[in-house]
Amino acid sequence: MIPMASPFSERLFKLAHLARLASKSLRARLMIWNVFLVLVTALACFLGVREGLRQALVGGMDSVLTADIREIGLDVAELHATAADLRSAAKGQGFAQATQLLNALNRKESVHEHNGWFVELLDADEKRLWASDLTPELLTVERSRRDMAPVSLNGRLGVVDSPYRVLENRQATLQGRPLRIRVGAPMDFVDRDIASIDRIAIRGVVLLLVAAPLLGYWLARRAIRPLSDIIETTARLRPNRMEERLAIRQTDDELDRLSATVNEFLDRIAVYLSQSNNLLANSAHELRTPLAAIRSSIEVAIGGHRTPQEYQELLSEVIGECASLERLVNQLLLLAETDSELIRAHSEQVDLSGLVERCAEMFSAVAEAQQIELVTAVVPHVSVMGFGNHLRQVVNNLLDNAIKFTEPGGTVRVSLFREGSSSILRVADTGSGIPAADLPHIFERFFRGDRSRQRIEQTTGTGLGLSICQAIVAAHRGRIFVETREGSGTTMTVQLPGAFDAQTPRDAAAASERGAAMATTRSDN
């Protein structure tokens, strides 16, 4: 039999599972980092205060010892005594002034007995002449040989070992060799004060260990609340419901800027989805018309006996509708390429001057047949970085539109020149212009303006020409804009970043031809 898990083990398993989930949350990580930083900061502050207090206490002791040794030095200098005189006075012999000095030093020691202060007199060979009652036996061999340089030495008084702060100085005498005066005091009080600080610090650390996680959790919760709102809002969004946006708290902090950025991104997604839905609906509508015409033609063809000439006419209609379908599909594929930025993957140097001249030459016969003057003004050796076949599509679409909306006897002017670091292509016509109501929509996909503007009513397009131009120009990091006046004509301007390198115009034209050969030929409309 499989042993049943105890309630205690199940409870432990649940707690462990909750701990694993909490460790993965941003709130828990922020709390842990807050506790860690608080403890590290508190420890650094404590160590700094501890060391500063120790240095201040030791510095204060050094100041007192310095004043004492100078005072004793002055008293010894006034005696005019030698080392032998002080040795005799220590034995109770000699002149009275030396004995009085030693008695005064003993009284001074008794006054500072609670501090363990001591004084010692040595000869030039560091042999003791006299020492106060609390003078310890110094155990540390290495000591400072510089006068008035405090050192910390280990000493023993009776059976107790303690650290001492010791200061020595050489005192000149009128007769004989100089004396050495040594004063010092135990450093026990410094250790006691530091121990008190340590006990206070331990209490503070215990308090921080309790308070820091609670405070860190509260701060983390407040900090990530906007993130939680962002997650909840974005989780509710759906492709068919993109109206909701994140709240802006007007704090102008990083989270507010994140919310604003997400809102902008959602706006772009909403626009893209709307355009995609419109494109899908318009594409289906445009495809349905030629498909219906093809089906009806085939049904008529198989519905009865026809003469060969009638069959030929029906098949010609089917071929015409298939051409319309092919043109529409090619334009949709070109739009897909520009949306996915495939053009930039094949970018190369293109001789724009040669390309514009060839396009103008191709349309010259059409313009002449329709009694329209086609004027070109192309600056040679103008190059851009891009894809020649797509740029040719732009020039062809602009020329086709200009000729289509220009009355007989009118003029279409094509100019190409450099302006700073940019290449400017301009196509101007003397047609009827674009109505103000249509102007904001001319670059929308499947938009068709007022057909009464067209010189030949049969020349109807798919409404994708200018939107394709705009997409191609945008893919080349350029701009396209229009200037129009009703009854006076329209001017379309394309601005592209120039490409000036060591390639010759002939090399650039060859590169453009290679790029054109790589792509599938598109229809001009």
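1. Observations concerning the overall build of the protein chain
1) Next: Scanning the protein chain for helices and strands turns up 12 helices and 13 strands.
2) Next: The proportion of buried residues among the 525 residues of the protein chain is 37%.
3) Next: Expressed as a percentage of contacts within the protein chain between residues at least 6 apart in sequence, the contacts between residues at least 24 apart total 65%.

2. Some thoughts on helix 4 (residues 96-111)
1) Next: Given a rise of 1.5 Å per residue, 16 residues ought to cover 22 Å, and the 23 Å separating the end C-alpha atoms of helix 4 matches this to within 8%.
2) Next: Contact partners of the buried residues in helix 4: helix 2 (26-79), helix 3 (83-90), strand 1 (118-122) and strand 2 (128-131).

3. Here we look at the sheet that holds strand 12 (residues 479-485)
1) Next: Reading across from one edge, 8-10-11-13-12 is the order of the 5 strands in this open sheet, with mixed pairing throughout. Every interior strand has two partners, whereas the edge strands, strand 8 (373-378) and strand 12, have only one. Pairs of neighbouring strands in the sheet enclose a mean axial angle of 10°, with direction left out of account.
2) Next: Across 7 bridges, the pairing between strand 12 and strand 13 (residues 489-497) is antiparallel.

4. Thoughts on the sheet that holds strand 2
1) Next: As summarised here, the arrangement of the 6 strands in space is 2-1-6-5-4-3, forming an open sheet in which the pairing is antiparallel. At either margin of the open sheet sits one strand with a lone partner, and together these are strand 2 and strand 3 (137-138).
2) Next: Inspection of the sheet shows strand 3 paired to strand 4 (residues 151-157) by 2 bridges, in the antiparallel sense. Among the inter-strand pairings, Leu138 is bridged to a residue of strand 4, identified as Gly155.
3) Next: Strand contacts of helix 3: strand 1, strand 2 and strand 6 (179-186), with the helix running at about 45° to strand 2, the strand carrying the most contacts.

5. Focus on the nonpolar core
1) Next: Among the nonpolar cores identified, the biggest contains 37 residues, and Val356, Leu398, Leu399, Leu425, Ile480 and Val494 are the most heavily contacted of them.
2) Next: Among the secondary structure elements, those contributing two or more residues to this core are helix 9 (352-369), helix 10 (388-404), strand 10 (411-419), strand 11 (422-429), helix 11 (465-475) and strand 13.
3) Next: When residues no more than four places from it in sequence are discounted, the contact partners of Leu399 are Cys359, Ala360, Phe363, Leu374, Val412, Val414 and Val427.

6. Notes on unusual backbone geometry
1) Next: A positive phi angle, near 60°, is found at Gln371, a position not held by glycine.
2) Next: Of the residues examined, Gln371 reaches a relative accessible area of 59% and is grouped as exposed.
3) Next: The phi dihedral of His381 falls on the positive side, at around 60°, and the residue is not glycine.
4) Next: Structurally, His381 can be placed in the loop between strand 8 and strand 9 (383-386).
5) Next: On the accessibility criterion, His381 (48% relative accessible area) is partly exposed.

7. Notes on the pairing of strand 1
1) Next: Across the 5 residues that make up strand 1, a large majority, 5, are buried.
2) Next: Side chains Phe118, Glu120 and Leu122 project from strand 1 onto one buried face, and the interleaved Val119 and Leu121 project onto a second face that is buried too.
3) Next: Here strand 1 runs beside strand 6; their pairing, made up of 5 bridges, is antiparallel. Pairing of Phe118 across the sheet is with Gly184, part of strand 6.
4) Next: In terms of strand pairing, strand 1 meets strand 2 through 3 bridges, oriented antiparallel. Among the inter-strand pairings, Leu121 is bridged to a residue of strand 2, identified as Trp130.

8. Describing the packing of aromatic side chains
1) Next: Counting across every chain of the model gives 2 aromatic pairs.
2) Next: Relative to Phe36, the ring of Trp33 has its centre 5.9 Å away and its plane inclined at 90°; by these criteria the two rings are edge-to-face. You can see Trp33 and its partner Phe36 sitting in helix 2, 3 residues apart, about one turn around the helix.
3) Next: Overall, Trp33 belongs to the exposed group, its relative accessible area being 51%.
4) Next: Centroid distance Phe118 to Tyr164: 5.9 Å. Interplanar angle 75°. Geometry classified as edge-to-face. Within this pair, whereas Phe118 is found in strand 1, its partner Tyr164 is found in strand 5 (residues 160-171), the two being separated by 46 residues in sequence. As far as the burial class goes, Phe118 and Tyr164 line up, both buried.

9. Some remarks on the environment of Ile472
1) Next: Here Ile472 shows up in helix 11.
2) Next: You can call Ile472 buried: its relative accessible area is 0%.
3) Next: Residues Ile472 and His390, spaced 82 residues apart in sequence, show a C-alpha to C-alpha distance of 6.7 Å.

10. A closer look at the environment of Arg306
1) Next: Mapped onto the fold, Arg306 is located in the loop between helix 6 (254-302) and helix 7 (308-339).
2) Next: Beyond its immediate sequence surroundings of up to four residues, Arg306 is in contact with Val300, Ala301 and Tyr311.

11. Describing a nonpolar patch on the surface
1) Next: Judged by side-chain polarity, Ile202, Val205, Val206, Leu209, Val210 and Leu214 come together as a nonpolar surface patch covering roughly 570 Å² of accessible area.
2) Next: Examined against the element boundaries, Ile202 turns out to sit in helix 5 (residues 188-236).
3) Next: Its relative accessible area of 56% is what places Ile202 among the exposed residues.

12. A closer look at the pattern of salt bridges
1) Next: The tally for this structure, following the rule as stated, stands at 13 salt bridges.
2) Next: Linked through salt bridges whose partners overlap, the residues forming this network are Glu120, Arg128, Asp147, Glu168, Arg180 and Arg182.

13. Observations concerning the packing of helix 2 against helix 5
1) Next: The contact between helix 2 and helix 5 brings their axes to 7 Å, and the two run at 155°. Between helix 2 and helix 5, the angle falls in the class roughly antiparallel. Considering how the two elements wind past one another, helix 2 and helix 5 form a crossing that is right-handed.

14. Details of the packing of helix 3 against helix 4
1) Next: Interhelical geometry of helix 3 versus helix 4 gives an angle of 65° and a closest axis separation of 9 Å. It follows that helix 3 is roughly perpendicular to helix 4 by the angle criterion. You can see that helix 3 and helix 4 cross each other, and the crossing is right-handed. Contact with helix 3, carried on its side by Asp85, Leu86, Ala89 and Ala90, involves Ala98, Thr99 and Leu102 of helix 4 and no other residues of that element.

Thresholds applied
- Residues numbered from 1 in each chain as written.
- Predicted model: local features only at pLDDT ≥ 70, side-chain atom pairs only at ≥ 80, totals over all residues.
- Heavy atoms only, no water.
- Helix = DSSP H or I, 4+ residues; strand = E, 2+ residues; numbered from the N terminus.
- Buried < 20%, exposed > 50% of the residue type's maximum accessible area, 1.4 Å probe, protein only.
- Contact = heavy atoms within 4.5 Å.
- Expected span 1.5 Å × (residues − 1).
- Pairing = 2+ DSSP bridges.
- Axes fitted to C-alpha atoms, helices over the stretch in contact; angles between N-to-C directions.
- Core = buried A, V, L, I, M, F, W, Y, C linked by side-chain atoms within 4.5 Å.
- Phe/Tyr/Trp six-rings, centres within 6.5 Å; stacked < 30°, edge-to-face > 60°.
- Patch = residues over 30% accessible without salt bridge, like charges linked within 9 Å, V, L, I, M, F, W, Y side chains within 5 Å.
- Areas by Shrake-Rupley, 256 points an atom, 1.4 Å probe, with all protein chains shown as cover.
- Salt bridge = Lys/Arg side-chain N within 4 Å of Asp/Glu carboxyl O.
- Parallel < 35°, antiparallel > 145°, perpendicular 65-115°, else oblique.
- Left-handed = near helix turned anticlockwise from the far one by under 90°.

Interpretation in functional terms is not warranted from these geometric data alone.
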